[in-house]
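Okay, here's what each chain looks like letter by letter:
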Amino acid sequence: MIQILDSTLREGEQTPGVYFAPEIKLAIAQFLDCIGIDIIEAGNPAVDREIAKAIAHIAKAGLKAKIGAHSLCRKDDVKKALECGVNFLGIFFSVSENRLQQDYDIGLEKAIEKIVEVITYAREQQENLLIRYTPEDTVRSPIENVIAAAIAAVKAGANIISIADTTGYTTPFVQNRSIAYYVKTLKEELAKQQLYPQIEIHCHNDRGLALANALDAYNAGADIIDVSVMGLGERSGIVDLAELLINLIDIVEEKSAWNLSQLKELYDFVSEHSHISISPHHPLLGKNAFTHYAGVHVNAVAKDERLYQSLNPELLGIKSSLALGMQSGYIAVKLALKQIGREELIENQDLVMNIFQEIKEIAKRGTPIDIEQELPTIVEHCIVNQRVTSEICSV
Ligand code: HCA
Ligand code: CU
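Everything quoted here is computed from the prediction, not taken from an experiment.

1. Observations concerning the coordination of the copper ion (ligand 2)
Six octahedral donors around a metal ideally make angles of 90 or 180 degrees; four tetrahedral donors ideally make 109.5 degrees.
And then number 1: For the copper ion (ligand 2), the full set of protein donor atoms is Glu 11 (OE), His 202 (NE2) and His 204 (NE2), at a range of 2.1 Å.
And then number 2: Written as a sequence motif, the donor arrangement for the copper ion (ligand 2) is E-x190-H-x1-H. Here the residue Glu 11 occupies a position in the loop between strand E1 (3–6) and helix H1 (22–35), and His 204 occupies one in the loop between strand E7 (198–203) and helix H8 (210–219), the gap between them amounting to 193 residues. Across this residue pair, the class does not change: Glu 11 and His 204 are buried.

Rendered as structure tokens:
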């Protein structure tokens, strides 16, 4: 069964401007646990003392999920991470030629020595620790370097190797540039050495392909997929948790693995505390995700929602809705009147037509018309107008 690692608290907090206070982090972790997330990457304790404390707090909260810390490939940092009481540790160190030369100024051999030294140290500290090694920027690194580093890391005690598409470079179907190629090659090469670590993937969204790449990797046999709430993360972020789960439930065998009904509350909570709004057309959780608007659509869904919905919003505890505006048909006005409890007006054809015309005029301001807030006023206005018109006519 595929496992999900959520990194809202680590990668997500690397979104410019985002800061989650420790109690907010704990609440997010509790939501994630409730949804059925397997691993919660809670932060890098070396960044700040407060982050270390928040991780320790989450690690003690008695959640079912594994709680992870992120760490540079340094013994000191690993020590700090383990002091937080985590049962998962992610260590990253790139073996790309550019990084080795321009940043670290060492050769591959030295790099591998360092990786082995730090992983061995972590393993010595904690026998049952899940250790992940990530050759950062994996997919722009020579595959031979990645294989050599991965073999050495697993021999030193790593349980998981993560393929990081750090810059959102991969693209499905392109030979040697797809994440699937990395998943398959790494699995094959490690198996040749009788090594069978789990393979994780971490896809950035720079080209808008994070989700497509994650599904490509799943198809190629990845064991763990990294996500974050709202896809938060550096630059364009990573795979969006809700978008991944809704796609996986159609293809994984154990369909009841995740409790999707918690997603809406979690997304609203993270949106509020990250001060980043959820775009109206965000799949599943955007305001418009289950809202029908144009006349033809509304007429059809009034008979059966499935005519314009392939997803059931009830899975998320959401109800589908209706929007009013320039594209609306006459039927939408009747349905909206029902919605605000003015069903008795539906028989008044002239009034409904007037409301319909007024809605079209208001729509020209170019912002949504709120049915609950605005329609009652529009209705009253049209009733008054109708009365005045009929009085003038009767004089
Ligand atoms: C980072 C980079 C990282 C690391 C992923 C990992 C990436 O922000 O430190 O350690 O598995 O995208 O490569 O997020
Ligand atoms: Cu990343």
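Next, the rest of the story.
2. Here we look at the pairing of E1
And then number 1: Where E1 meets strand E8 (residues 224–227), four bridges bridge the pair, whose relative direction is parallel. Residue pairing for E8: Ile 4 is matched across the bridge by Ile 225.
And then number 2: Direction of pairing for E1 relative to strand E2 (residues 39–41): parallel, over a ladder of two bridges. Bridge pairing links Leu 5 to Ile 39 in E2.
And then number 3: Each parallel crossover has a hand, and for E1 linked through H1 to E2 it is right-handed.

3. A word on the packing of helix H12 (residues 330–339) against helix H13 (residues 349–363)
And then number 1: One way to put it is that H12 packs onto H13 with a least axis distance of 10 Å and a crossing angle of 105°. Compared by their axis directions, H12 and H13 come out roughly perpendicular. Contacts between H12 and H13 involve Tyr 330, Val 333, Lys 334 and Leu 337 from the first element and Gln 349, Val 352, Met 353, Ile 355, Phe 356 and Ile 359 from the second.
And then number 2: Grouping the amino acids of the contact of H12 with H13 by side-chain chemistry returns eight nonpolar, one polar and one charged.

4. Quick notes on the domain arrangement of the protein chain
Frequently, the measure chosen for interface size is the accessible area that the parts lose on association.
And then number 1: For the protein chain, the assigned domains are domain 1 (3–274) and domain 2 (291–394).
And then number 2: A straight line from the C-alpha centre of domain 1 to that of domain 2 covers 47 Å.
And then number 3: Taken together, the contacts link six residues of domain 1 with four residues of domain 2.
And then number 4: Regarding the contact of domain 1 and domain 2, the summed buried area is about 430 Å², with carbon and sulfur atoms giving 81% of it.
And then number 5: The largest per-residue losses of area from domain 1 upon contact with domain 2 belong to Ile 246, Leu 260 and Lys 264, which jointly make up 69% of the total buried on that side.
And then number 6: Taken together, domain 1 and domain 2 are joined by zero salt bridges.
And then number 7: In this assembly, domain 1 and domain 2 are joined by zero residue pairs in polar contact (both at pLDDT 80 or more).
And then number 8: When residues of the side of domain 1 that touches domain 2 are traced back to their parent elements, those giving at least two are helix H9 (241–251) and helix H10 (263–274).
And then number 9: Here the side of domain 1 that touches domain 2 is built from residues that sort into four nonpolar, one polar and one charged.

Conventions adopted
- Residues numbered from 1 in each chain as written.
- Chains lettered and ligands numbered in written order.
- Predicted model: local features only at pLDDT ≥ 70, side-chain atom pairs only at ≥ 80, totals over all residues.
- Heavy atoms only, no water.
- Donors = N, O, S within 2.8 Å, 3.2 Å for Na, K, Ca; no water.
- Helix = DSSP H or I, 4+ residues; strand = E, 2+ residues; numbered from the N terminus.
- Buried < 20%, exposed > 50% of the residue type's maximum accessible area, 1.4 Å probe, protein only.
- Pairing = 2+ DSSP bridges.
- Right-handed = clockwise from strand over helix to strand, strands pointing away.
- Axes fitted to C-alpha atoms, helices over the stretch in contact; angles between N-to-C directions.
- Parallel < 35°, antiparallel > 145°, perpendicular 65-115°, else oblique.
- Contact = heavy atoms within 4.5 Å.
- Nonpolar A, V, L, I, M, F, W, Y, C, P; charged D, E, K, R; others polar.
- Domains from an automatic or database assignment.
- Buried area = accessible area lost by both parts, 1.4 Å probe.
- Salt bridge = Lys/Arg side-chain N within 4 Å of Asp/Glu carboxyl O.
- Polar contact = N/O pair within 3.5 Å; in protein donor to acceptor, adjacent residues only side chain to side chain.

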